[in-house]
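# Structure at a glance
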Amino acid sequence: MVEWTPLLVVQVAALFIFAGLAEIGGGWMVWQAMREGKPWWWALIGSLILVGYGFIPTLQPLDDFGKLYAVYGGVFIAMSFGWAAIFDGYRPDMGDYIGSAIALVGVGVVLFWPSSSTS
């Protein structure tokens, strides 16, 4: 069981954001090369970023891989809409905002709900 402190909350949140930027940014670069006509080296750089992304979760102080990735999934949803709005001009609608809010509430519940599990 994790003993939450303000510093630990900041560390976990920062690592989730770092992971999101790496995964979304790397994937976006590959997408741009394959679907939007950017140079081939965008795909190469994006792929290298995605390889780096694979190591970021190992820096998390959370011990349970499944729980970690479930929580990250909620963060990923919200960050994906933010990335699309900034880099692709996507305009999220009310359903996007509500869905992201629900996902982030789920993140909080999963992370901070008192757990009886031993991992």
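Residues numbered from 1 in each chain as written. Predicted model: local features only at pLDDT ≥ 70, side-chain atom pairs only at ≥ 80, totals over all residues. Heavy atoms only, no water.

### Observations regarding the confidence of the model for the protein
This prediction gives the protein a mean pLDDT of 95; 97% of its residues lie at or above 70. At the level of individual helices and strands, the protein shows its lowest average pLDDT in helix α3 (residues 65–87), which scores 96, and its highest in helix α2 (residues 40–53), which scores 98. (pLDDT = per-residue confidence, 0-100. Helix = DSSP H or I, 4+ residues; strand = E, 2+ residues; numbered from the N terminus.)

### Overview of the environment of Gly106
Mapped onto the secondary structure, Gly106 falls in helix α4 (residues 94–112). You can call Gly106 partly exposed: its relative accessible area is 28%. C-alpha of Gly106 to C-alpha of Val51: the two residues are 55 residues apart in sequence and 27 Å apart in space. (Buried < 20%, exposed > 50% of the residue type's maximum accessible area, 1.4 Å probe, protein only.)

### With respect to the side chain of Asp96
Within the secondary structure, Asp96 sits in helix α4. The buried charged residue Asp96 lacks any salt bridge partner; its closest oppositely charged side chain belongs to Arg91, at an N-O distance of 9.8 Å. (Lys, Arg positive; Asp, Glu negative; His and termini not counted. Salt bridge = Lys/Arg side-chain N within 4 Å of Asp/Glu carboxyl O.)

### Some points on the packing of α3 against α4
Between α3 and α4, whose axes approach to 9 Å, the crossing angle comes to 155°. Classified by the interaxial angle, the pair formed by α3 and α4 is roughly antiparallel. Taken as a pair, α3 and α4 cross one another with a handedness that is left-handed. Contacts from Lys67, Val71, Gly74, Val75, Ile77, Ala78 and Phe81 of α3 reach α4 at Asp96, Ser100, Ala103, Leu104, Val107, Val110 and Leu111. (Axes fitted to C-alpha atoms, helices over the stretch in contact; angles between N-to-C directions. Parallel < 35°, antiparallel > 145°, perpendicular 65-115°, else oblique. Left-handed = near helix turned anticlockwise from the far one by under 90°. Contact = heavy atoms within 4.5 Å.)

### Observations regarding the packing of helix α1 (residues 6–35) against α2
Direction vectors running N to C along α1 and α2 enclose 155°, while the axes themselves pass 7 Å from each other. Our classification of the angle between α1 and α2 gives roughly antiparallel. Helix-helix and strand crossings are classified by hand; for α1 and α2 the assignment is left-handed. Two secondary-structure elements touch here, α1 through Ala19, Ala22, Glu23, Gly26, Gly27, Trp28, Met29, Val30, Gln32 and Ala33 and α2 through Trp42, Ala43, Ile45, Gly46, Ser47, Ile49, Leu50 and Tyr53.

### A word on α4
Taking 1.5 Å of rise per residue, 19 residues should cover 27 Å, and α4 covers 27 Å from first to last C-alpha, within 8% of that figure. Within α4, burial applies to Asp96, Ser100, Ala103, Val107 and Leu111. In a view along the axis of α4, the buried residues occupy a sector of 65°, so they form one face of it. Those residues of α4 that are exposed and aimed more than 90 degrees away from the buried face are Met94, Ile102 and Val105. Each element contacted by the buried residues of α4 is listed here: α1 and α3. For α4, the N-terminal cap is Asp93; the gap from its side-chain oxygen to the backbone nitrogen of Gly95 is 3.0 Å. (Expected span 1.5 Å × (residues − 1). Arc of directions from axis to C-beta. Polar contact = N/O pair within 3.5 Å; in protein donor to acceptor, adjacent residues only side chain to side chain.)

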